[in-house]
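Working through the structure, step by step
Next come the chains, spelled out residue by residue.
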Amino acid sequence: MDQELIGLIGNFLLNLEFAYYLITLLQWYNYSFYRVIFMHHKFMWHIWYFVLPLCVFFALHTMHLEQYCILLAIVFFIALVLWRSKQDKPLRFTKRVQRFFGLCVIFGFLDIFLSIAFKVDNLLLHAFTLVFAVLVSNIYEATLMKQYTKIAQDKLQIMTRLRIITITASFGKTSIKNYLTQILSKHFHVYATPRSVNTLRGIVADINENLDYSTEIYITEAGARLKGDIDEIVQFLHPQYVVIGEIGEQHIEYFKNIQNITNTKFEILNSLRLKRAFVFKENALPQDLEPEKKSCMRFYPMEYRNIQATLDGTNFSLKINDKWQDFETKILGEFNVYNIAVAVSVALEFGMKVEEIVQAVNRLEQVPHRLQKITANQKLILDDSFNGNLKGMLEAIRLASLYDGRKVIVTPGIVEGSDEANKQLAKRIDEVFDIAIITGALNARVFRENIKNAQKIFLQTKDSLESMLKACTLSDDLVLFSNDAPSFI
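Now for a look at the structure at hand. Just so it is clear, the model here is predicted, and its values are computed rather than measured.

1. What about the overall build of the protein?
- Each helix and strand in the protein was counted, giving 19 helices and 15 strands.
- By principal-axis analysis of the C-alpha atoms, the protein measures approximately 85 × 60 × 40 Å.
- Looking at the protein residue by residue over its 489 residues, the buried ones come to 52%.
- Of the contacts made within the protein by residues no fewer than 6 positions apart, 68% connect residues no fewer than 24 positions apart.
- When the accessible surface of the protein is totalled, it reaches about 23,400 Å², and 56% of it is carbon and sulfur.

2. Some remarks on helix H14 (residues 336–349)
- Given a rise of 1.5 Å per residue, 14 residues ought to cover 20 Å, and the 20 Å separating the end C-alpha atoms of H14 matches this to within 8%.
- Counting buried positions along H14 gives twelve out of 14 residues, so the element sits mostly inside the fold.
- Looking one or two residues past H14, Gly351 carries a phi angle of roughly 90 degrees, positive in sign.

3. Overview of the nonpolar core
- Trp83, Ile207, Tyr218, Phe236, Leu237 and Leu269 are the most contacted members of the largest nonpolar core, which has 71 residues in total.
- Per-element accounting of this core gives the leading share, ten residues, to helix H1 (residues 3–28).
- Counting 41 residues, the second-largest nonpolar core is a separate cluster that includes Tyr179, Ala192, Tyr300 and Met352.

4. Section: the side chain of Asn11
- Examined against the element boundaries, Asn11 turns out to sit in helix H1.
- Within the structure, Asn11 has its side chain in polar contact with the side chain of His61 (distance 3.0 Å).
- Setting aside chain neighbours within four positions, we find Asn11 in contact with Phe57, His61, Cys69 and His126.

5. Quick look at the sheet that holds strand E10 (residues 372–376)
- Read from one edge to the other, the open sheet built from six strands follows the order E10-E11-E15-E12-E13-E14, with strand pairing classed as mixed. Here the strands that pair on one side only, and so sit at the sheet edges, are E10 and strand E14 (455–459). Sheet twist, expressed as the mean angle between neighbouring strand axes with direction ignored, is 20 degrees.
- Note that strand E13 (residues 435–439) and E14 share five bridges and pair parallel. Considered in E14, the bridge of Ile438 is made with Phe458.
- Sitting on the sheet, helix H19 (residues 465–472) is in contact with strand E12 (407–411), E13, E14 and strand E15 (478–482), with an inclination near 175 degrees to E13.

6. Quick notes on the pairing of strand E11 (residues 379–384)
- A large share of E11 lies buried, amounting to six of its six residues.
- The two faces of E11 match: Lys379, Ile381 and Asp383 on one face and Leu380, Leu382 and Asp384 on the other face are all buried.
- Where E10 lies against E11, five bridges are found, and the strand directions are antiparallel. Bridged to Gln372 within E11 is Asp383.
- Connecting E10 to the next strand, E11, in antiparallel fashion are two residues, including Asn377 with a positive phi near 50 degrees.
- Bridge analysis of E11 against E15 gives five bridges, and the strand direction is parallel. Looking at E15, one finds that Asp384 is bridged to Ser482.

7. Focus on helix H15 (residues 354–362)
- Residues of H15 that are buried: Val354, Ile357, Val358, Ala360 and Val361. Seen from one end, H15 has its buried residues packed into an arc of 165 degrees, which puts them on one side.
- Buried positions along H15 lie against helix H8 (173–184), strand E8 (313–320), strand E9 (323–329) and H14.

8. Some words on the side chain of Thr149
- Take Thr149: it is sitting in helix H7 (residues 129–158).
- In this structure the side chain of Thr149 is engaged in a polar contact, spanning 2.7 Å, whose partner is the backbone oxygen of Met145.

9. Digging into the packing of aromatic side chains
- Using the criterion set out here, one finds 23 aromatic pairs in the structure.
- The interplanar angle of 10 degrees and the centroid separation of 5.3 Å between the aromatic rings of Phe316 and Phe327 together place this pair among those described as stacked. Taken as a pair, Phe316 in strand E8 and Phe327 in strand E9 lie far apart in primary sequence, eleven residues in all. Exposure class is identical for Phe316 and Phe327. Each is buried.
- Every member of this aromatic cluster is reached through a ring pair, and the members are Tyr20, Tyr21, Trp28, Trp45, Tyr49 and Trp83.
- Positioned above the aromatic ring of Tyr213, the side-chain terminus of Lys155 is 5.1 Å from the ring centre.
- Geometry around Trp324 places Arg305 over its ring, the cationic atom sitting 4.1 Å from the centre.

10. Quick notes on the sheet that holds strand E6 (residues 297–300)
- Pairing is parallel across the open sheet formed by six strands, whose spatial order is E2-E3-E1-E4-E5-E6. Two strands in the sheet have a free side with no partner beyond their single neighbour: strand E2 (190–192) and E6. The mean inter-strand angle of the sheet, taken between neighbouring strand axes irrespective of direction, is 20 degrees.
- Here five bridges tie strand E1 (residues 163–168) to strand E3 (residues 217–221), and the two strands are oriented parallel to one another.

11. Re the pattern of salt bridges
- Here the structure, examined in full by the defined rule, presents 17 salt bridges.
- Arg276 is the salt-bridge partner of Glu349, the closest N and O atoms lying 3.6 Å from each other. Linking Glu349 in helix H14 with Arg276 in strand E5 (residues 276–280), this pair joins segments that are 73 residues apart in sequence.
- Taking relative accessible area as the criterion, Glu349 reaches 34% and is therefore assigned partly exposed.
- Take Arg276: its relative accessible area is 16%, and that puts it in the buried class.
- Residues Lys373 and Asp312 are paired through a salt bridge, measuring 3.7 Å at the closest nitrogen-oxygen approach. Of the two residues, Lys373 is situated in strand E10 and Asp312 in the loop between strand E7 (304–310) and E8; the sequence distance between them amounts to 61 residues.
- A relative accessible area of 67% means that Asp312 is categorised as exposed.
- Through salt bridges that share partners, Asp88, Lys462 and Asp484 make up one connected network.

Cut-offs and rules
- Residues numbered from 1 in each chain as written.
- Predicted model: local features only at pLDDT ≥ 70, side-chain atom pairs only at ≥ 80, totals over all residues.
- Heavy atoms only, no water.
- Helix = DSSP H or I, 4+ residues; strand = E, 2+ residues; numbered from the N terminus.
- Buried < 20%, exposed > 50% of the residue type's maximum accessible area, 1.4 Å probe, protein only.
- Contact = heavy atoms within 4.5 Å.
- Areas by Shrake-Rupley, 256 points an atom, 1.4 Å probe, with all protein chains shown as cover.
- Expected span 1.5 Å × (residues − 1).
- Core = buried A, V, L, I, M, F, W, Y, C linked by side-chain atoms within 4.5 Å.
- Polar contact = N/O pair within 3.5 Å; in protein donor to acceptor, adjacent residues only side chain to side chain.
- Pairing = 2+ DSSP bridges.
- Axes fitted to C-alpha atoms, helices over the stretch in contact; angles between N-to-C directions.
- Arc of directions from axis to C-beta.
- Phe/Tyr/Trp six-rings, centres within 6.5 Å; stacked < 30°, edge-to-face > 60°.
- Lys NZ or Arg CZ within 6 Å of the ring centre and 35° of its normal.
- Salt bridge = Lys/Arg side-chain N within 4 Å of Asp/Glu carboxyl O.

And the structure:
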């Protein structure tokens, strides 16, 4: 095999390896190049797994040592295997990913063919093989998305009796969705988007694949990282009912200030079919909110009193139709009173009787990974791993403080939050817990400086977390999993 062919094979393999790194990050960041480039929390990965091998690739070609690209490809492959082994969310080979790699292979073989058949040995042609694949892939996926969106729109138009509820908030969207689904299901045929699906792409796929034609109420979430994200979802769904939950500084790094977050969340009022909007009463309103939108708004929670939130459950009273009504639920967390209250308000809007609602609240099931109470291996586990906001994390710590035995917390801190918020969190952890296991390097400095009394254990990755917990926990310990940032954060 001559050196030219060896060099071409090396180019081919390198392009596939660059493609693997790129598509992995795109999948993590909802296929946003902007977020991959400017919002990636581990920027050094770009240096080690893209910039450095690319520079070596260009250097080898510049020095006419193309045959050594095969050695670079082997080294790069080993590096990617080690990189992947440390990920808790490795690349999923979805149909989109498969199509992307198919295009990479096609353009890679085209590069080899042109180089051999026509003696085309252009460095930029070799390097731009991946660029061509990305461009064609994006054009194809955009076309496909347009078709899928049209199919979903046609399906919704057929379902003329369907009522749609869309929920947005800085945090708590999924909890509100789950409580609302459970309560309304006592009286209606309800379907809600699975897990934390909250993008237009995810909602379109859910409608096409899962929404049954007999559904009476469809409940969705609407998330945002940029201005216009929620409006895009609303212009597709045009929900009749919306919920704007608590707005805070979550994702502040994307929006820069709280006013931008507020304006984006209130895009949900742009629905042409809007009948009622349930708005958390402590939210600030956009300055230029139109009067007709204000007239649709109802604020929650209604009057409440006697909140008792313990490790056994939550009791509270709500004022409904000028009468105080007692509620009891096994859902944990004082903040969940507000989430349940808005679900109660929506259920009343839909005509459910108070007695039905009380029974439904009493039977609410815990939402997985959101202050979920579990007993395992003679330990009390509070799984709050899907909660990443300061208010919720502090409430989980308060509940943990009610426990008499030793207490252990596992947390990366607040991922999309300020140093000041993490400092406040660290100090509260120091007051309550005996052992603090800090995962990841993102907030390690803040926790190292502000945790003085609790034993501190820092883990760069979560690979050794299980063995660490076995080594440092005892029977009857309480273990709180507070937030669970993926390894790429």
